[in-house]
Amino acid sequence: MMAPMNSTNIHQSPFVRACWGQPVPYPPVWFMRQAGRSLPEYRQVRADLPMLESCRRPELVTEITLQPVRRHRVDAAILFSDIVVPLAAAGIDLDIVPGVGPVVADPVRDAAAVAALPRLDPDQVGYVADAVALLLPELKDTPLIGFAGAPFTLASYLVEGGPSRHHERTKALMYGAPQVWHALCARLAEITLTFLRVQVGAGVAAVQLFDSWAGALSEADYREYVLPHSTAVLGGLAGAGVPRIHFGVGTGHLLPAMAQAGADVVGVDWRTPLSEAATAVGPDRAVQGNLDPAVLFAPWPAIEAQVRRIVAEGASAPGHVFNLGHGVLPATDPDILTRVVALVHEVSAG
Ligand code: 1CP
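Values in this document were obtained by computation on a predicted structure and should not be read as measured data.

Examining the confidence of the model for the chain
Summary statistics for the chain give a mean pLDDT of 96 and a share of 97% for residues scoring 70 or more. Scored below 50 in pLDDT, residues 1-6 shows seven contacts in the model against residues more than four places distant or in partner chains.

Dropping the structure here:
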């Protein structure tokens, strides 16, 4: 008989159990940006469809989300979407330009522009809820992760107008007009919370808040300018019954603060050993990470040694979700990802 398709199974999945710090037979593994990066079957179904348009088609989102699950046997799926999807849905004029990333038509750099920012009506992202509804029966016992961008990272795209290395205009606004900055982040926190609630309401098993660029800030500035807004998002989901993962890059110095924002799981990049990260985030939280995505280009014995080290270091945390320290790089050989999944499962069994 087929296992009944209900949420009990999801809650007992190694991924959700590890997020809550409960015992698991092996560290669950998934990869940030596993959907829509290195897979030939992804390139085939996307063909010439623009990225934002792809995110609005529930059948296509379902197919792309399932591809890495089928191929790699990862322990969790992540919804195919993007952090700027709710901003575009709310009516902000932006596009995702191939080879570049999000590009905003009218960058937000003053009080008037912040005041003019729209709110997000849940109905504007109804296609995301529809995609989750299509995915749940297909995924069966594999948990689905919903996600959103955190206020700082979203603000960086809106203020800079696109991807940025140094976030100089963002910081100019933050330090130069703190009230405007806080108003901007408060509005983004609202949009993000609405977007995550839509996904939780539709049945995702966990959420990840991506603050990819928060590592650009000192701890003191993070606490003053960012923490209250990320706390509003994660705190707003405290009673939702799903684990909350909080991730950033280059955030070794921010891990205690990011944990405090209300994370059940803190994402760690490859610069900080998981054993150190576990101490930094405290005894009540799990960690996620942290293989350097560039290591996947090294010969297999080097990859294997790093995977074994990370599994061993992760064992010092109450829960460990194996992942990369940042997203899969586009040129990664997908077969290597499949091999890493098998190795993580096997190392821990052995
Ligand atoms: O993880 C998955 O597999 C699901 C899909 C996913 C996710 C989680 C996409 C698809 N985007 C994201 C999140 C995202 N988007 C983040 C946070 C994660 C991270 O740090 O990597 C960020 C910062 C973005 C912004 C973004 N969107 C960029 C980065 C630009 C920069 O500043 O360097 C890019 C290139 C995009 C476009 C995008 N998003 C996703 C895909 C498949 C693509 C490429 C689409 C295309 O060009 O056709």
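Moving on, there is more to tell.
Quick look at the site of the ligand
Around the ligand, 26 residues are found, and the nearest of them are Ala35, Asp82, Tyr157, Ser212 and His326. Contact distances for the ligand include 2.8 Å between an oxygen atom and a backbone N or O atom of arginine 33. Here an oxygen atom of the ligand sits 2.6 Å away from a polar atom, N or O, in the side chain of histidine 326. When isolated, the ligand has an accessible area of 890 Å², and the protein chains bury 87% of it. Listed by contribution, the elements that provide at least two residues to the shell around the ligand are α3 (40-46) and β3 (101-104).

Quick word on unusual backbone geometry
With an omega of -5 degrees, the peptide bond between glycine 289 and asparagine 290 qualifies as cis. In this fold, asparagine 290 is placed in strand β8 (residues 286-291). With phi around 50 degrees, lysine 140 is a residue other than glycine that occupies positive phi space. Examined against the element boundaries, lysine 140 turns out to sit in the loop between α8 (126-139) and β4 (144-149). Residues other than glycine seldom take positive phi values, yet histidine 167 does so here, at roughly 55 degrees. If you trace the backbone, histidine 167 turns up in the loop between α9 (151-160) and α10 (168-176).

Focus: the pairing of strand β6 (residues 244-247)
Of the two faces of β6, both are covered, the one formed by Arg244 and His246 as well as the one formed by Ile245 and Phe247. Here four bridges tie strand β5 (residues 206-210) to β6, and the two strands are oriented parallel to one another. In the strand pairing of β6, valine 207 is matched with arginine 244. Note that the unit made of β5, helix α12 (residues 219-235) and β6 has a crossover that is right-handed. The pairing of β6 with strand β7 (residues 265-267) spans two bridges and is parallel. Each bridged residue has a counterpart across the sheet, and for isoleucine 245 the counterpart in β7 is valine 265.

Some words on the packing of helix α11 (residues 178-202) against α12
Put simply, α11 and α12 touch, their axes get as near as 8 Å, and they point 25 degrees apart. Judged on the interaxial angle alone, α12 and α11 are roughly parallel. Two packed elements cross with a definite hand, and for α11 against α12 that hand is right-handed. Of α12, the residues touching α11 (which contributes Pro178, Trp181, His182, Cys185, Ala186, Ala189, Thr192, Leu193 and Leu196) are Glu224, Tyr225, His229, Ala232 and Val233.

Remarks on the sheet that holds β7
Taken together, the seven strands give an open sheet; going across it, the order is β1-β4-β5-β6-β7-β8-β9, and neighbouring strands pair in parallel fashion. The open sheet has two edge strands with one neighbour each: β1 (77-78) and β9 (320-324). Each of β4 and β5 is contacted by α11, which is oriented at about 170 degrees to β4, the strand it contacts most. Docked against the sheet, α12 engages β5 and β6, running at close to 155 degrees with respect to β6.

Reading the values: rules and limits
- Numbering of residues starts from 1 in each chain and follows the order in which that chain's sequence is written.
- Predicted model: local features are reported for residues with pLDDT of at least 70 only, side-chain atom pairs are reported and counted for 80 or more only, and whole-chain, interface and lining totals are derived from all residues.
- Excluded from the side-chain calculation are hydrogens and water; included are all heavy atoms of the structure.
- The predictor reports its confidence for every residue as pLDDT, a score running from 0 up to 100.
- Whether two residues touch is decided by their heavy atoms; if any such pair falls within 4.5 Å, the residues are in contact.
- Near residues are defined by distance, with any heavy atom within 4 Å of the molecule or strand qualifying the residue.
- Pairs of N or O atoms within 3.5 Å make up the polar contacts considered here, provided that, within protein, one atom can donate a hydrogen while the other can accept it, and that residues adjacent in sequence are counted only when both atoms are side-chain atoms.
- Using the Shrake-Rupley algorithm and a 1.4 Å probe, accessible areas are obtained, with residue cover drawn only from the displayed protein chains.
- Numbering of helices and strands runs from the N terminus, with a helix taken as a DSSP run of H or I at least four residues long and a strand as a DSSP run of E at least two residues long.
- To sort residues, take the accessible area from a 1.4 Å probe on protein chains only and compare it with the maximum for the residue type: under 20% means buried, over 50% means exposed, and anything in between is partly exposed.
- The pairing criterion is simple: DSSP has to find at least two bridges between the two strands.
- Orienting the strands away from the viewer, one traces the path from the first strand over the helix to the second; a clockwise path indicates a right-handed crossover.
- The axes used here are C-alpha line fits, helices contributing only the stretch in contact, and every angle between their N-to-C directions lies in the interval 0 to 180 degrees.
- For classification purposes, angles smaller than 35 degrees are called roughly parallel, those larger than 145 roughly antiparallel, those between 65 and 115 roughly perpendicular, and all remaining angles oblique.
- Should the near helix be turned counterclockwise from the far one by less than a right angle, the crossing is left-handed, whereas a clockwise turn marks it as right-handed.

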